Amino acid sequence: MHGTKGPVTLAGVSQRQMISLSYLEQLFGRLRRHGLVESVRGPGGGYRLARGPEMISVADVIIAVDEPIDATQCGGRESCKDDGKRCMTHELWASLNAHIFGYLRSVTLAELELATTAISTHLATLAALQAERAGLIDRRDALSLDLEARRAEIAALQGDLEAAQLTAEQYAGARDTQ
């Protein structure tokens, strides 16, 4: 989806997504053969979507890269059991496959990009809030230390005041006895 600003290189995708370059070359070859991406040659070349992201579903991509969506044991061949017959739950798993495929067919790359952008925005906001919280905690800790230092100063001043009062009382008592 980074290709909205021009073609993307497989090396760039490989780095960002931490996927082997040779595997990406295989995948993008399949995507190109299915008409989902097109290659751009020359300087600044790479791959870009062949159609708008709102016209390509996640299911289109999965079909193009030949990744099966199948929860059945038999791979959809209806020979789940050793005797070649269907298992009792075959229809359940086949129905689940249809629901998954229907959902993936309904999600476009444009919608996926919007969701990813929203998540990125929320993560950035969360990181900023965490940094602000850390700053507030540091400030609180500094103020707590400052408060403790002032309390110690006040205690020392109270001790000095009590000592001065005691000295004053002793002096006054000594003066009165003279």
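Residues numbered from 1 in each chain as written. Predicted model: local features only at pLDDT ≥ 70, side-chain atom pairs only at ≥ 80, totals over all residues. Heavy atoms only, no water.

Observations regarding the overall build of the protein
- If you tally the helices and strands in the protein, you get 5 helices and 2 strands.
- Helices and strands in the protein line up, N terminus first, as α-α-β-β-α-α-α.
- Here the protein has a C-alpha radius of gyration of 36 Å; the compact-globule value for 178 residues is 16 Å, and the former is much larger.
- Dimensions of the protein, computed from the C-alpha atoms along their principal axes, are close to 120 × 55 × 30 Å.
- Burial statistics for the protein: of 178 residues in total, 19% are counted as buried. (Helix = DSSP H or I, 4+ residues; strand = E, 2+ residues; numbered from the N terminus. Rg over C-alpha atoms; globule rule 2.2 N^0.38 Å. Buried < 20%, exposed > 50% of the residue type's maximum accessible area, 1.4 Å probe, protein only.)

Re the nonpolar core
- Leu-10, Leu-24, Phe-28, Leu-31, Leu-36, Val-37 and Tyr-47 are the most contacted members of the largest nonpolar core, which totals 14 residues.
- If you list the elements that add at least two residues to this core, you get helix H1 (10–17) and helix H2 (21–33).
- Here this core gets 4 residues from one element, more than from any other, and that element is H2.
- Val-37 has contacts with Phe-28, Leu-31, Arg-32, Tyr-47, Arg-48, Leu-49 and Ala-50, leaving out every residue within four places of it along the chain.
- Counting residues in hydrophobic clusters, the runner-up holds 5 residues, among them Val-58, Ile-62, Leu-104 and Val-107. (Core = buried A, V, L, I, M, F, W, Y, C linked by side-chain atoms within 4.5 Å. Contact = heavy atoms within 4.5 Å.)

Topic: the packing of aromatic side chains
- Under the defined criterion, the tally for this structure stands at 1 aromatic pair.
- When the centroid spacing of 5.0 Å and the interplanar angle of 55° are considered together, the rings of Phe-28 and Tyr-47 count as tilted. Separated by 19 residues along the polypeptide, Phe-28 in helix H2 and Tyr-47 in strand E2 (residues 46–49) bring together distant segments of the chain.
- According to the relative accessible area criterion, Phe-28 is buried, its value standing at 13%. (Phe/Tyr/Trp six-rings, centres within 6.5 Å; stacked < 30°, edge-to-face > 60°.)

Overview of the side chain of Ser-57
- Among the secondary structure elements, Ser-57 is positioned in the loop between E2 and helix H3 (58–64).
- Looking at Ser-57, the relative accessible area reads 4%, which means it is buried.
- Once residues lying within four places of it in the same chain are set aside, the contact partners of Ser-57 are Leu-104, Arg-105, Val-107 and Thr-108.

Describing the pairing of strand E1 (residues 37–40)
- Inspection of the sheet shows E1 paired to E2 by 4 bridges, in the antiparallel sense. Residue pairing in the sheet places Glu-38 in a bridge with Arg-48 of E2.
- Counted along the chain from E1 to the antiparallel partner E2, the turn is 5 residues long, and its residue Gly-42 has a positive phi close to 95°. (Pairing = 2+ DSSP bridges.)

Structural notes on the packing of H1 against H2
- For the pair H1 and H2, the least separation of the axes is 9 Å and the interaxial angle reads 120°. One way to sum up the angle between H1 and H2 is to call them oblique. As for the relative orientation of H1 and H2, their crossing is right-handed in sense. From H1, Leu-10, Ala-11, Val-13 and Ser-14 reach across to H2, where they touch Leu-21, Leu-24, Glu-25 and Phe-28.
- Within the contact of H1 with H2, the residues separate by chemical class into 6 nonpolar, 1 polar and 1 charged. (Axes fitted to C-alpha atoms, helices over the stretch in contact; angles between N-to-C directions. Parallel < 35°, antiparallel > 145°, perpendicular 65-115°, else oblique. Left-handed = near helix turned anticlockwise from the far one by under 90°. Nonpolar A, V, L, I, M, F, W, Y, C, P; charged D, E, K, R; others polar.)

Quick word on the side chain of His-90
- With respect to the helices and strands, His-90 occurs in helix H4 (residues 90–106).
- Apart from residues no more than four positions distant in its own chain, His-90 is found in contact with Thr-72, Cys-74, Glu-78 and Cys-80.

Topic: a nonpolar patch on the surface
- Together, Leu-92, Trp-93, Leu-96 and Ile-100 make up a nonpolar patch on the protein surface, roughly 340 Å² of accessible area in all.
- By secondary structure assignment, the location of Trp-93 is in helix H4.
- Looking at Trp-93, the relative accessible area reads 35%, which means it is partly exposed. (Patch = residues over 30% accessible without salt bridge, like charges linked within 9 Å, V, L, I, M, F, W, Y side chains within 5 Å. Areas by Shrake-Rupley, 256 points an atom, 1.4 Å probe, with all protein chains shown as cover. Salt bridge = Lys/Arg side-chain N within 4 Å of Asp/Glu carboxyl O.)

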